[in-house]
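Summary of the model geometry
Below, each chain spelled out in residue letters.
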Amino acid sequence: MKEDLKRQIVECVKKVKENNPVTPSITNFVTINFVANAQLAVGGSAAMVFLPKEGELISEVGEATYINVGTLIPSHKETMIGAGNFLKAKNIPWVVDPVAIGIGKTRSEILESFKDNKPSIIRGNPSEINALAGLWNLEGGASKSNVRGVDSTDSVDSAKDAAISIAKHTGGAVAVSGEVDLVTDGKLIIKSKGGSDFMEKIIGAGCALGGVMAVYLSQSSPLIGALTGTNAFNLAGKRASEKVEGPGSFQVLFLDELYKLTPEEISNNDFYVEEI
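An account of the accompanying structure is given in this report. (Residues numbered from 1 in each chain as written. Predicted model: local features only at pLDDT ≥ 70, side-chain atom pairs only at ≥ 80, totals over all residues. Heavy atoms only, no water.)

1. Quick notes on the overall build of the protein chain
Across its full length, the protein chain holds eleven helices and nine strands. Taken over the C-alpha trace, the protein chain has a radius of gyration of 17 Å; the compact-globule value for 276 residues is 19 Å, and the two agree within 12%. Over its C-alpha atoms, taken along the principal directions, the protein chain stretches across nearly 40 × 35 × 35 Å. Counting only residues that meet the buried cut, the protein chain has 55% of its 276 residues in that class. Nonlocal contacts in the protein chain, meaning residues at least 24 apart in sequence, comprise 73% of its contacts between residues at least 6 apart. About 11400 Å² of surface is accessible on the protein chain, with carbon and sulfur atoms providing 49% of the total. For the protein chain, the separation between the mean place of its 27 positive charges and that of its 33 negative charges on side chains is 2 Å. (Helix = DSSP H or I, 4+ residues; strand = E, 2+ residues; numbered from the N terminus. Rg over C-alpha atoms; globule rule 2.2 N^0.38 Å. Buried < 20%, exposed > 50% of the residue type's maximum accessible area, 1.4 Å probe, protein only. Contact = heavy atoms within 4.5 Å. Areas by Shrake-Rupley, 256 points an atom, 1.4 Å probe, with all protein chains shown as cover. Lys, Arg positive; Asp, Glu negative; His and termini not counted. Charge placed at Lys NZ, Arg CZ, Asp CG, Glu CD.)

Below, the structure is given as structure tokens:
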């Protein structure tokens, strides 16, 4: 099973580098630059939008779309809900990052609208995944959000049941970021190791990961898209942290390491698999 997953990762990475897929993002302006640069580093083509009609238009020309609900601006509610409806109607794969879920009515309304539209991949920290399952009234969900701003107060293992429930509901994949990352499609649990403590010292590592997952999703299944992005970030983060002494230089070198990764290196990052 692991060898088959590794083969699919290699194939996914090669397709991205060959096809340079357009992967639009509707993301927060705090991290928009990092998201776009990370997408470019792995071989994707970035397109960042926030106006309501632009969200639908750009998604139509894209091969997958990324939506991130952090740092909302007034137009985001209409843009994101409209894009979610459009993506479902057109059967275009998409990634959602439920940043800071539970903070504010608008963010909850946007995320509630995504329940029936069923995103292909949902990526978040443990508290966000627990809270989203709760918002959607799924098994394993939390009754209230435990996010602290954009940070998690829960462990990855505590979000396993919520992640499985969400994946079964959407028919896609869920990625939970933490010390050891978890990826599931409701049938398999995959743990991916690596990364760096510096990722917690820079703004946007998780947001950029969601954007990169959208790039890989455009050329693969939700599970492979989520796992490929996770492995790539874990390996690039590990390599970058071995060469720097602080977060400023880490962010720059991280993009360099992400850019240099080969398909085989990404597939060989340390991960293990278990059936549910």
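After that view, the rundown keeps rolling.
2. Considering the pattern of salt bridges
Scanning the model with the defined rule gives eleven salt bridges in all. Ionic pairing is found between Glu11 and Arg7, a salt bridge with its closest N-O pair at 3.5 Å. Separated by four residues within a single helix, Glu11 and Arg7 lie in helix α1 (residues 2-19), roughly one turn from each other. Assessed through its relative accessible area of 36%, Glu11 is described here as partly exposed. By relative accessible area, Arg7 is classed as partly exposed at 45%. The residue Lys15 makes a salt bridge to Glu11 at a minimum N-O spacing of 3.3 Å. Remark: Glu11 and Lys15 occur in helix α1; sequence separation between them is four residues, near one turn of the helix. In the salt-bridge network here, residues are joined through shared partners; they are Asp4, Arg7, Glu11 and Lys15. (Salt bridge = Lys/Arg side-chain N within 4 Å of Asp/Glu carboxyl O.)

3. Focus on the sheet that holds strand β8 (residues 188-192)
Backbone hydrogen bonds are what pair the strands of a sheet, in a parallel or an antiparallel way. One open sheet holds the nine strands; their spatial order is β2-β1-β3-β4-β5-β6-β7-β8-β9, and the pairing between them is mixed. Looking at which strands have only one partner, the edges of the open sheet turn out to be β2 (45-48) and β9 (271-275). Going across the sheet, the axis of each strand differs from the next one's by a mean of 20 degrees, ignoring polarity. With four bridges connecting them, strand β1 (residues 22-26) and β2 associate as parallel partners. Within β2, the residue paired with Ser25 across the bridge is Met48. Strands in contact with α1 are β8 and β9; relative to β9, the strand with the most contacts, it is inclined by about 125 degrees. (Pairing = 2+ DSSP bridges. Axes fitted to C-alpha atoms, helices over the stretch in contact; angles between N-to-C directions.)

4. Details of the nonpolar core
Core analysis: the largest hydrophobic core is formed by 50 residues, its most contacted members being Tyr216, Phe233, Phe250, Phe254 and Leu258. If you list the elements that add at least two residues to this core, you get α1, α2 (32-42), β6 (173-176), β8, α8 (205-217), α9 (222-241) and α10 (247-260). In terms of residues, this core owes the most to one element, α8, which gives ten residues. Beyond its immediate stretch of four places on either side in the chain, Phe233 contacts Ala38, Met199, Ala205, Ala208, Leu209, Val212, Phe254 and Leu258. With 33 residues, the next largest nonpolar core counts Val69, Ala162, Ile164 and Leu182 among its residues. (Core = buried A, V, L, I, M, F, W, Y, C linked by side-chain atoms within 4.5 Å.)

5. Here's the deal with the layout of surface pockets
One number sums up the size of the largest pocket: a volume of about 1000 Å³. Every residue lining the largest pocket is counted, 37 residues in all, and those nearest its centre are Asn125, Ser177, Met199, Glu200 and Gly206. Where the lining of the largest pocket is concerned, the elements lending two or more residues are β5 (121-124), α6 (126-135), α8 and α9. If one sorts the elements of the lining of the largest pocket by residue count, α8 sits on top with four residues. (1 Å grid on protein atoms, 1.4 Å probe; cavity = no way out; pocket = protein on both sides within 12 Å on 5 of 7 lines; lining within 4 Å. Points joined across faces, edges and corners; volume = space filled by probe spheres on them.)

6. Things to note about the environment of Arg239
Looking at the secondary structure, you find Arg239 in helix α9. Distance in space between the C-alpha atoms of Arg239 and His76 is 36 Å, their sequence separation being 163 residues. Leave out the neighbours within four places in its chain, and Arg239 touches Glu257, Leu261 and Glu265. Within the structure, the side chain of Arg239 is placed 3.3 Å from the side chain of Glu265, a separation counted as a polar contact. (Polar contact = N/O pair within 3.5 Å; in protein donor to acceptor, adjacent residues only side chain to side chain.)

7. Focus on the packing of α6 against helix α7 (residues 160-170)
Put simply, α6 and α7 touch, their axes get as near as 9 Å, and they point 50 degrees apart. The orientation of α6 with respect to α7, classified from their angle, is oblique. For the pair α6 and α7, the crossing hand works out as left-handed. Of α7, the residues touching α6 (which contributes Ile129, Asn130, Leu132 and Ala133) are Ala162, Ala163 and Ile166. Broken down by class, the residue content of the contact of α6 with α7 amounts to six nonpolar, one polar and no charged. (Parallel < 35°, antiparallel > 145°, perpendicular 65-115°, else oblique. Left-handed = near helix turned anticlockwise from the far one by under 90°. Nonpolar A, V, L, I, M, F, W, Y, C, P; charged D, E, K, R; others polar.)

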